[in-house]
Amino acid sequence: FLEIDVHMRRSNVFCEGCGPSPSGAELIFPKLLSRHCKSTRFSECSYNLAGSKAGSARSVMHSKYGIACSYSVYVSQLGGDFGPWEGTHYSSDDYQSFGRDIGCAVYEWSGVLMGGEMFWSDDEEELEVDEEDEDAREDFTSDDEAAHHPVYPYPP
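Residues numbered from 1 in each chain as written. Predicted model: local features only at pLDDT ≥ 70, side-chain atom pairs only at ≥ 80, totals over all residues. Heavy atoms only, no water.

## Some details on the overall build of the protein
Step number 1: Within the protein, the secondary structure is distributed over four helices and four strands.
Step number 2: Each helix (α) and strand (β) of the protein, taken in turn from the N terminus, gives the series β-β-α-β-α-β-α-α.
Step number 3: For the protein, with 156 residues in total, the buried portion stands at 42%.
Step number 4: Within the protein, residue pairs in contact and separated by at least 24 positions form 75% of the contacts whose partners lie at least 6 positions apart.
Step number 5: As presented, the protein carries roughly 8,600 Å² of accessible surface, and 52% of it is formed by carbon and sulfur atoms. (Helix = DSSP H or I, 4+ residues; strand = E, 2+ residues; numbered from the N terminus. Buried < 20%, exposed > 50% of the residue type's maximum accessible area, 1.4 Å probe, protein only. Contact = heavy atoms within 4.5 Å. Areas by Shrake-Rupley, 256 points an atom, 1.4 Å probe, with all protein chains shown as cover.)

Encoded structure:
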């Protein structure tokens, strides 16, 4: 499940999910989004559901309907704070580009969910969790444990 919204307090494009889960499945879509959308940093995405977000669409889809990979993607009205957008507001062309980027990430993610061969592994260098991403996955006990979990769209 994916909802797209604007954010008034934070910069950039970022994702919030529900988690953490033992499989690490909630990390896949944000990582794909950071690959496709250059205004997204994987390390700025969060996966823990704060109490104030209990009534959000992603929270309801996760808790009531059991959809493990439920996300809110936020696009800032403030603009960006890194790269070519540092210190500037986004233009209408930027917002259209972000929409395309989000669509590309959803398309790639749907292939994973429908049984694609994409897994966290050393062969998929672009999907590896690097040093910058370590804070985003504190629940894993080792890199090996996180590296070989397939993605499941729903809890078993």
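Having seen the model, we can carry on.
## Considerations on the pattern of salt bridges
Step number 1: Under the criterion given, the structure shown has five salt bridges.
Step number 2: Salt-bridge contacts for Glu-16 lead to Arg-10; the nearest nitrogen and oxygen are separated by 3.8 Å.
Step number 3: A network of salt bridges, in which partner residues are shared, links Arg-10, Glu-16 and Arg-58. (Salt bridge = Lys/Arg side-chain N within 4 Å of Asp/Glu carboxyl O.)

## Examining the nonpolar core
Step number 1: The biggest cluster of nonpolar side chains holds 22 residues, and the ones touching the most others in it are Cys-15, Phe-29, Leu-33, Val-73, Phe-98 and Trp-109.
Step number 2: Elements with a minimum of two residues in this core: strand S2 (13-19), helix H1 (28-36), strand S4 (71-76) and helix H3 (92-113).
Step number 3: In this structure, Phe-98 is in contact with Val-13, Cys-37, Ser-39, Val-75, Trp-85 and Tyr-90, ignoring residues within four places of it in sequence. (Core = buried A, V, L, I, M, F, W, Y, C linked by side-chain atoms within 4.5 Å.)

## Some points on H1
Step number 1: In terms of burial, H1 is largely enclosed, as seven of its nine residues are buried.
Step number 2: Three or more residues of H1 are buried, namely Ile-28, Phe-29, Pro-30, Lys-31, Leu-32, Leu-33 and Ser-34.
Step number 3: As for H1, its buried residues are in contact with strand S1 (2-7), S2, strand S3 (46-48), S4 and H3.

## A word on the sheet that holds S3
Step number 1: The strand order across the open sheet formed by four strands is S1-S4-S2-S3, and the pairing between neighbours is mixed. Here the strands that pair on one side only, and so sit at the sheet edges, are S1 and S3. For this sheet, the mean inter-axis angle between neighbouring strands, taken without regard to orientation, is 25 degrees.
Step number 2: Against the sheet, H1 makes contact with S1, S2, S3 and S4, and its axis sits at roughly 30 degrees relative to S4, the strand it touches most.
Step number 3: Against the sheet, H3 makes contact with S1, S2 and S4, and its axis sits at roughly 160 degrees relative to S4, the strand it touches most. (Pairing = 2+ DSSP bridges. Axes fitted to C-alpha atoms, helices over the stretch in contact; angles between N-to-C directions.)

## Looking at the packing of H1 against H3
Step number 1: Viewed as axis vectors pointing N to C, H1 and H3 meet at an angle of 135 degrees, and their least axial separation amounts to 9 Å. Relative to H3, H1 is oriented oblique. Relative to H3, the crossing made by H1 is right-handed. Counted together, Ile-28, Phe-29, Leu-32, Leu-33, Arg-35 and His-36 of H1 and Asp-101, Ile-102, Cys-104, Ala-105, Val-106, Glu-108 and Trp-109 of H3 form the full contact between these two elements.
Step number 2: Tallied by class, the residues present in the contact of H1 with H3 amount to nine nonpolar, one polar and three charged. (Parallel < 35°, antiparallel > 145°, perpendicular 65-115°, else oblique. Left-handed = near helix turned anticlockwise from the far one by under 90°. Nonpolar A, V, L, I, M, F, W, Y, C, P; charged D, E, K, R; others polar.)

## Considerations on H3
Step number 1: Between its first and last C-alpha, H3 extends 31 Å over 22 residues, near the 32 Å set by a 1.5 Å rise per residue.
Step number 2: Against S1, S2, H1 and S4 lie the buried residues of H3. (Expected span 1.5 Å × (residues − 1).)

## Focus on the pairing of S2
Residues in a regular strand point their side chains to alternate faces of the sheet.
Step number 1: In terms of burial, S2 is a largely internal element, six of the seven residues being buried.
Step number 2: Where S2 lies against S3, two bridges are found, and the strand directions are parallel. Residue pairing across strands places Gly-19 opposite Asn-48, the latter belonging to S3.
Step number 3: Between the parallel pair S2 and S3, the chain is carried across by H1, and the sense of this crossover is right-handed. (Right-handed = clockwise from strand over helix to strand, strands pointing away.)

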